[in-house]
Amino acid sequence: MGDYAVVGKRVPRIDAVPKVTGKATYAGDLVLPGMLHGKLLRSPYAHAEIVHIDTRRAEKLPGVRAVITGKDFPGRNIGFMKKYSDRPPLALGKVRYVGEAVAAVAAEDEDTAEQALELISVEYKELPAVLTAEEAMREGAILVNEGKSRNIAAETKFLFGDVEKAFQESDYVREETFRTQRISIGFIEPHAVLASVDASGKVTFQGSKQSPYITMRHLAYGLDIPLNKIRMINPYIGGAFSGKHDAHDLDFAAVMLSQKTGRPVRIVVSQSEIIGSYRQRHSKEMWLKLGVKKDGTLVAADCRVIAEGGAYLGVGPLNIYLIGVFLNLPYRLPNIRYEAYRVYTNKPICGAVRGQSIVVCRYGFESLLDMVAGDIGVDRVDIRLKNAIRNGDRTANGMQVDTSGLTECIERVAEKVGWEESRKKKTPYRGIGFACGSLPSGSRLGGHFGALASVNILEDGTAVLHHGGTELGQGIDTIMAQMVAEVLGLRAEDVQVGIEDSDMVTLDPGMFADRATFWTGNAVKAAAEDARRQLAEVAAEALQVPVEELEFRDRQVCVRNNPEKSLAFLSVLRGAMYGLGMPIIGRGTWAARDIELPDFSTGIGNFAHGYEFIAQAVEVEVDPETGRVKVLRAVLSDDAGQPINPMLLDGQQEGGFVFTKGQALYEECIFDERGQQVNYSFMDYKMPGVMEAPEFENIHVITNDPYGPFGAKGAGEASGIPALGAIANAVHDATGVRIKELPITPEKILEGLRVQKGGK
Amino acid sequence: MSVILNLRRLPEFTYLAPKTLSEASNLLQKYQGKAKLLAGGTDLLVRMKERWVVPEYVISLNKIGDLDYIRHDEKEGLRLGALATHQTVANSSLIKEKYRLLAEACGKIAHPQVRNRGTVGGNLCNACPSADTAPPLLALEAQLKLVSSNGEKLVPLSEFMSGPFTTILKEGEILTEIQVPDLPPRAAGKYLWLSKITEIDETLVGAAVLMTVSSDGICQQVRIGLGSVDQTPIRAAKAEALLQGHKVSPKLINEAARQAAGETKPRSRPEYRREMTEVLVRRSLTQVVKELD
Amino acid sequence: MKQVITLKVNGQDHEVEIKTHRTLLEVLRETLGLMGTHEGCNRGDCGACTVLVDGDAVNSCLMLAVEAEGKDILTIEGMGKEARLHPLQQAFIDYSAFQCGYCTPGILLSAKAMLDKNPHPTVEEIKEGISGHLCRCTGYTRIVRAIQSVAEKGR
């Protein structure tokens with residue numbers, strides 16, 4: 001652990017004042033002169049042919065400036081990789097889910113745009129809809145995407161070790177099937193975009209985007225324009241949780257409408273549209289078999305997953321890949337077989353949602369691990385400690401674990417939650433559950449994968465940082481400012497982070513998989529070091545010492561071991577700028593070039609550095625009469641390497657837990673027989689509120705990652721990963737009822753208690 | 001066809017803000033079938049945004065004044081202006097002391113922002129089967145004062161709602177006051193509920209109990225109001241009959257609770273709702289008895 | 001149908017001509033340019049659009065602007081300035097009680113309304129006071145602690 005001045009400190013967020021004073025500007029707040037308002041017309045059918053769209057009446061409505069349909073686009077499909085591209089910007093020829101956008105209008109005001117929607121007449125020919133994985137996989141099923149030969153959009157089969165032999169040699173084997181539901185993402189800021197096109201045809205796109213690079217590439221391809229004709233500027237983002245990566249229908253429509261009218265176009269969609277028709281988490285069926293030795297040592301896992309994911313593929317291949325890969329972590333498991341299918345249905349598109357499919361993987365795994373532990377009489381903490389991955393381990397599929405604080409995480413949560421005492425005196429209907437998890441600190445995907453940053457030192461000794469990551473609320477700007485301040489010996493408040501702008505810096509390939517702290521952080525650190533080197537050369541000259549002997553701290557440049565000999569940072573800077581005519585700008589790039597691309601077909605390879613580990617303990621109370629579960633407290637631990645800002649890390653742990661608690665206990669997208677989601681408002685789609693927030697205790701086990709900036713790993717996305725399993729395990733500990741299908745509803749618990757009584 | 005709502009604006013309407021009740025009633029009469037009354041708006045405006053109702057005229061009651069009173073005297077009992085907000089009722093020390101079950105129900109509704117605008121009258125007129133003000137007011141045998149250009153009349157709340165989201169209100173009639181008789185000595189009440197999924201959520205089952213027990217433990221009077229278990233909020237009359245005139249015991253309470261559950265006709269989650277009716281009625285009766293003990 | 005009304009927002013009177021079907025939220029944002037009041041769900045479930053009307057927290061998406069005439073409206077822009085933050089705003093910073101910040105203005109206003117009426121609330125009362133808000137980032141506990149710290153300071 002390093003001795004740092006700014007890193008590792010509970011520094012307040014640098015975006016705090018704008019956010020608490022209401023001055024932070026989100027995409028829907030942006031206004032440009034002459035701006036038009038856009039709206040999207042959506043399909044009422046889950047599956048239908050578009051016979052004809054008549055836009056003439058809408059076009060004639062006074063105030064309407066343009067109406068577009070899927071035919072206005074160049075006819076290129078979008079996807080997360082070229083070979084998986086299956087989604088048109090707006091529906092073309094067919095609609096494949098309720099809510100798919102079929103047309104868009106731009107008008108002088110929003111009321112007119114809304115009226116215009118009613119004047120667009122779409123003639124549909126309804127087709128039978130495929131709504132479940134089971135129907136979709138049936139022989140001769142109706143095809144969701146008629147260009148494909150079947151509804152299985154992606155599949156994968158992994159094999160590591162000798163699974164058959166390992167099961168034979170196991171002392172105990174158990175298998176179970178777990179089911180998880182579709183959930184909506186639930187960010188509070190609706191999707192919003194403001195697009196404008198200048199006379200040269202250059203598009204300026206200001207949207208609520210999590211990964212503006214991904215959006216930019218989608219836009220460039222789908223609209224057939226070069227990348228330098230698109231400028232992405234990111235305003236403040238009101239939460240994303242993986243729901244704002246790709247270019248959505250509104251993003252394409254805003255740009256196209258702006259191109260058609262020559263005027264800026266803003267589109268803000270309603271929360272109902274988002275909950276009911278934008279990105280959701282796949283519903284999954286996970287069959288899992290575990291083999292163990294008598295003492296609980298894990299020997300083998302066999303797993304089969306069916307992921308129902310809606311009308312287009314999204315990041316489906318990655319989604320099923322990750323479940324298979326994270327059977328390998330966070331426990332030592334030498335033999336693994338895995339098989340998975342990602343299935344098309346006529347429902348909204350599923351993609352990544354906070355924690356990706358690893359959340360689901362850990363639910364099944366941690367539940368079954370508890371069941372096995374119970375069966376063979378091994379303590380539930382001991383079985384986790386026994387199998388926990390350790391420093392230097394290499395997993396069955398080849399992931400290299402450099403540092404693992406998992407053992408300490410497990411020990412400390414068990415102690416803090418009072419596990420041993422709780423076993424001595426058990427309170428009826430109270431229970432404790434544990435679960436663990438892991439996530440990479442960002443991974444390498446195909447295409448551009450590096451990070452770039454620049455640090456501009458201004459003549460008053462302050463700095464402006466531009467980096468390619470995106471502040472979503474997770475606090476990346478604050479953490480990056482801390483890193484710059486640490487390197488340059490400044491204070492965090494001396495560093496400003498410039499607005500994210502693709503004309504200023506190469507954007508990161510996306511904000512996913514806890515990438516920012518690690519990858520962007522390394523680039524930022526390198527940029528600050530580059531600036532420091534330039535200043536150090538000037539200072540070395542002035543102080544007549546070798547560059548290597550200089551230290552930057554407390555706004556001073558000092559000679560190591562000779563504190564008397566120092567210069568103020570500002571005077572060194574002015575020496576450079578005023579004396580030598582040398583502006584100081586540092587530039588840094590970083591990429592893990594020694595890791596492998598994820599191999600979706602084999603699952604083999606070390607596809608990341610900085611594997612993070614999380615252990616959680618949850619205490620619940622169940623009302624045996626009503627079946628209601630109350631999570632009383634959650635002890636949250638992580639190995640995030642060296643935390644850059646423990647206060648923000650606490651916030652990530654807590655937010656991740658409550659987010660995932662929603663899936664454990666409350667949330668579920670419910671569809672009617674026609675494929676329409678019926679609970680599409682926050683009144684019916686219930687996410688946890690303040691009444692559902694437990695008491696928290698936060699633990700950070702500090703390790704020092706050899707590749708991470710200042711030894712840091714990523715953290716935020718990982719924080720929710722064990723929560724489903726921990727809660728399900730706690731409910732079982734409290735009641736003896738094992739819930740294998742989420743959400744854990746009162747009815748399921750009461751039914752379980754009834755069965756239990758009947759059995760006695 | 002029901003599709004996912006992609007509109008954000010309210011539909012356009014003509015806004016009318018009469019200064020007197022008779023003016024309001026005349027307007028309502030004049031624009032029969034085309035007008036909606038606006039009180040707190042927390043329900044009406046949502047329904048309008050969803051395009052479930054698209055009135056040409058919105059007649060606001062908010063400029064009339066003095067429709068939000070809370071008055072009480074021993075002869076007349078409690079008089080609540082229809083525009084009294086849920087929060088005012090929940091905070092009223094008078095109601096908390098004398099009609100606690102009503103304060104509890106009003107304090108449960110949605111959350112502070114809705115309670116600060118939403119009104120007791122509006123809650124009743126919306127006639128949502130899960131309206132929280134209804135079970136306690138049923139238990140309190142409230143009467144509603146309906147005013148129209150033809151004069152005014154009193155209707156028992158038990159006859160007011162005719163189905164989900166429908167009432168017996170005729171064109172031109174306005175609910176202006178809720179009247180609750182004064183309570184006998186040794187009466188106590190309780191409102192308990194379970195919400196559908198999370199805590200701040202629509203009520204899954206609401207159970208209001210009002211009981212008078214003599215010093216020797218005989219139930220002299222009991223009324224049980226239930227919400228969200230039928231087309232409209234209901235009284236559990238048979239359960240009341242089981243208790244009435246009998247010595248209250250845990251066993252009798254259990255029986256009455258089971259009976260109350262049997263009187264429900266829930267549509268969705270029927271088994272769970274019935275089971276929870278039993279639990280909540282038992283718990284509220286038990287608490288009331290304990291308090292009177 | 002249009003109407004000229006005078007809205008008193010953050011202590012200042014604004015004479016505005018508006019369509020009578022405009023919500024208070026729409027008028028604050030689109031007519032007065034006060035963008036700190038955010039639209040989340042537009043139907044009273046999330047609390048992002050909360051403002052204070054005569055000291056009470058209300059969902060501005062569920063109030064007609066015409067009905068706010070003659071009342072005292074406080075939005076986040078009137079709660080505290082950059083140079084002189086309201087103690088709640090400072091506490092939210094100190095406790096890191098927000099992340100994306102989208103729901104924050106509304107929560108701050110609800111918290112203010114609650115503390116103005118009940119300066120020494122219990123934890124349960126604090127939770128009740130902000131129960132009309134959804135926050136998907138923080139997990140809420142830090143928000144409760146931040147409000148608690150202000151309540152305790154006032155004690």
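See the structure above.
Every residue gets a number counted from 1 within its own chain, in the order that chain's sequence is written. Chain labels run from A onward and ligand labels from 1 onward, assigned in the order the entries are written. Where totals are concerned, whole chains, interfaces and linings use all residues; where local detail is concerned, this predicted model gives features only for residues with pLDDT of at least 70, and gives and counts side-chain atom pairs only at 80 or more. To get the side-chain values, take all heavy atoms of the structure and skip hydrogens and water.

1. Here's the deal with the overall build of chain B
Rules: Only DSSP runs of H or I with at least four residues qualify as helices, and only runs of E with at least two residues qualify as strands; both kinds are numbered from the N terminus onward. What the globule rule says is 2.2 Å times the number of residues to the power 0.38, and the radius of gyration is computed from C-alpha atoms. With a 1.4 Å probe rolled over the protein chains alone, any residue whose accessible area is under 20% of its type maximum counts as buried; one over 50% counts as exposed, and the rest are partly exposed. We call two residues contacting when some pair of their heavy atoms lies within 4.5 Å. Here the Shrake-Rupley method, with its probe set to 1.4 Å, supplies the accessible areas, and only the displayed protein chains count as covering residues. Charged residues are defined here as Lys and Arg on the positive side and Asp and Glu on the negative side; His and the ends of the chain fall outside this count. Lys charges are placed at NZ, Arg charges at CZ, Asp charges at CG and Glu charges at CD.
Of the regular secondary structure elements, chain B holds 11 helices and 14 strands. Over its C-alpha trace chain B gives a radius of gyration of 19 Å, about what one expects of a compact globule, namely 19 Å for 293 residues. With respect to the three principal axes, the spread of C-alpha positions in chain B is 60 × 45 × 30 Å. By residue count, 60% of the 293 residues in chain B fall in the buried class. Considering only contacts in chain B between residues 6 or more positions apart, those separated by 24 or more positions represent 62%. With an accessible surface of roughly 11,800 Å², chain B has 48% of that area assigned to carbon and sulfur atoms. Here chain B carries 39 positive and 33 negative side-chain charges, and the mean point of each set is 4 Å from the other.

2. Observations regarding the sheet that holds strand S6 (residues 121-126) of chain A
Strand pairing in a sheet relies on backbone hydrogen bonds. The paired strands run either parallel or antiparallel. Residue and element names in this part refer to chain A. How we decide: Whether two strands pair comes down to DSSP finding at least two bridges between them.
In space, the three strands of this open sheet follow the order S4-S2-S6, with antiparallel pairing throughout. Each of the sheet's edge strands pairs with one partner strand only, and the pair in question is strand S4 (94-95) and S6. Relative to S6, strand S2 (residues 48-54) runs antiparallel, the two being bridged by six bridges. Bridge pairing in S6 links Ile 53 to Val 122.

3. A look at the side chain of Lys 39 of chain A
Test applied: Polar contacts, as counted here, are pairs of nitrogen or oxygen atoms within 3.5 Å of one another; within protein the pair requires one atom able to donate a hydrogen and one able to accept it, and residues that are adjacent in sequence qualify only if both atoms are side-chain atoms.
Its place among the elements puts Lys 39 of chain A in strand S1 (residues 36-42). In this structure Lys 39 of chain A comes out as buried when scored by relative accessible area, which is 2%. Side-chain polar atoms of Lys 39 of chain A contact the backbone oxygen of Asn 6 of chain B, separated by 3.0 Å.

4. A closer look at the sheet that holds strand S4 (residues 56-59) of chain C
All names here are of chain C. Threshold: Only the stretch in contact is used when a helix axis is fitted, and all axes are lines through C-alpha atoms; the angle between N-to-C directions ranges over 0 to 180 degrees.
Read across the sheet, five strands follow the order S2-S1-S5-S3-S4 without closing on themselves; strand pairing throughout is mixed. Each edge of the sheet is formed by a strand with only one pairing partner; in this case those strands are strand S2 (12-19) and S4. The sheet shows a mean angle of 40° between the axes of neighbouring strands, taken without regard to direction. The pairing of strand S3 (residues 50-53) with S4 spans four bridges and is antiparallel.

5. Quick look at the interface of chain C and chain A
Quick note on the threshold: Throughout, the accessible surface (probe 1.4 Å) given up by two parts as they are put together, summed over both, is called the buried area. In what follows, salt bridge is the name for a side-chain nitrogen of Lys or Arg lying within 4 Å of a carboxyl oxygen of Asp or Glu.
The interface is formed by 48 residues belonging to chain C together with 53 residues belonging to chain A. Counting each side, the surface lost to burial between chain C and chain A is near 4,100 Å², with a carbon and sulfur contribution of 58%. For the interface between chain C and chain A, the tally reads seven salt bridges. Across the pair Arg 22 of chain C and Asp 111 of chain A runs a salt bridge, and its minimum N-O distance is 2.7 Å. Linking chain C with chain A are 23 residue pairs in polar contact (both at pLDDT 80 or more). Listed by contribution, the elements that provide at least two residues to the side of chain C that touches chain A are helix H2 (87-94), helix H3 (104-117), helix H4 (123-129) and helix H5 (141-153) of chain C.

6. Examining the pairing of S2 of chain C
All names here are of chain C. As judged from the eight bridges shared by strand S1 (residues 2-9) and S2, these two strands associate in the antiparallel manner. Bridge pairing in S2 links Val 9 to Gln 12. Between the antiparallel neighbours S1 and S2 lie two residues, among them Asn 10 with a positive phi of about 50°.

7. Quick look at helix H12 (residues 406-417) of chain A
Residues three or four positions apart in an α-helix share a direction because the helix packs 3.6 residues into each turn. Residue and element names in this part refer to chain A. Spelled out, the test is: Any helix carries an expected span of 1.5 Å times its number of residues minus one. To obtain the arc, one takes the directions from the helix axis to the C-beta atoms.
In this model, H12 (12 residues) spans 16 Å end to end at C-alpha, consistent with the 16 Å of a helix rising 1.5 Å per residue. Looking at H12, one finds that the buried residues are Leu 406, Thr 407, Cys 409, Ile 410, Val 413, Ala 414 and Val 417. All buried residues of H12 lie within an arc of 165° about the axis, which places them on one face of the element. Buried residues along H12 sit against helix H11 (380-387), helix H13 (419-424), strand S18 (430-439), strand S27 (612-622), strand S28 (629-639) and strand S29 (695-700). Remark: Gly 418 follows H12 within two positions and exhibits a positive phi of approximately 75°.

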